[in-house]
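# Breakdown of the fold
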Amino acid sequence: QVQLVESGGGLVQAGGSLRLSCAASGSIFSINAMGWYRQAPGNQRELVARITSYGTTTYADSVKGRFTISRDNAKNTVYLQMNNLKPEDTAVYYCNALGFSGSDYAHVADFRSWGQGTQVTVSS
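Residues numbered from 1 in each chain as written. Predicted model: local features only at pLDDT ≥ 70, side-chain atom pairs only at ≥ 80, totals over all residues. Heavy atoms only, no water.

This next bit is on the side chain of arginine 38. Relative to the elements of secondary structure, arginine 38 occurs in strand 4 (residues 28-39). Judged by its relative accessible area of 5%, arginine 38 is buried. At 2.8 Å, the side chain of arginine 38 forms a polar contact with the side chain of glutamate 46. At 2.9 Å, the side chain of arginine 38 forms a polar contact with the side chain of tyrosine 93. Not counting residues within four places of it along the chain, the set of residues in contact with arginine 38 comprises Gln44, Arg45, Glu46, Val48, Ser62, Val63, Phe67, Glu88, Asp89, Ala91, Val92 and Tyr93. (Helix = DSSP H or I, 4+ residues; strand = E, 2+ residues; numbered from the N terminus. Buried < 20%, exposed > 50% of the residue type's maximum accessible area, 1.4 Å probe, protein only. Polar contact = N/O pair within 3.5 Å; in protein donor to acceptor, adjacent residues only side chain to side chain. Contact = heavy atoms within 4.5 Å.)

Turning our attention to the pairing of strand 10 (residues 108-114). Sheet topology places strand 9 (residues 91-102) next to strand 10; 7 bridges connect them, and they run antiparallel. Considered in strand 10, the bridge of glycine 99 is made with phenylalanine 111. Two successive antiparallel strands, strand 9 and strand 10, enclose a turn made up of 5 residues. (Pairing = 2+ DSSP bridges.)

Here the focus is the sheet that holds strand 8 (residues 77-82). The sheet built from 4 strands is open, its strands ordered 1-3-8-7 with antiparallel pairing. Unpaired on one side and paired on the other, strand 1 (2-7) and strand 7 (67-72) mark the two borders of the sheet. Across the sheet, the mean angle separating the axes of adjacent strands is 15° when strand polarity is ignored. Across 6 bridges, strand 1 lies against strand 3 (residues 18-26) in antiparallel orientation. Paired with leucine 4 across the strands is alanine 24, a residue of strand 3. (Axes fitted to C-alpha atoms, helices over the stretch in contact; angles between N-to-C directions.)

Looking now at the state of the cysteines. Under the definition given, this model contains 1 disulfide. The disulfide that involves cysteine 22 links it to cysteine 95, with 2.0 Å between the sulfurs. Looking along the S-S bond of the cysteine 22-cysteine 95 disulfide, the torsion reads about -85°, which is the left-handed sense. Linking cysteine 22 in strand 3 with cysteine 95 in strand 9, this pair joins segments that are 73 residues apart in sequence. Across the pair, exposure class does not vary: cysteine 22 and cysteine 95 are buried alike. (Disulfide = S-S within 2.5 Å.)

As structure tokens, then:
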């Protein structure tokens, strides 16, 4: 299995910044994409940002210009720099990774892993 470990969540004042990180570990053959989702009470889980192994990024319209996703492929780690935070950003943020697990090309399987979730609270 592939495990994801998150850090960086917390409480911040509106207009402030936080940086989330997520490191993948386990039997990883390759990671195609890593990203961040968030879910607030009563809402569906939504994609916040995603980055592929090639560096292609995708952002939710609500965070464009404020959030930046980046990666370190050597460390199997993804980061989310969140600037100018707003109260509506308050949610549990989940790291996600897609790829292949296994030791070699002959023994691989697709995986989709989720982190445990980290609370981000933005006060007004």
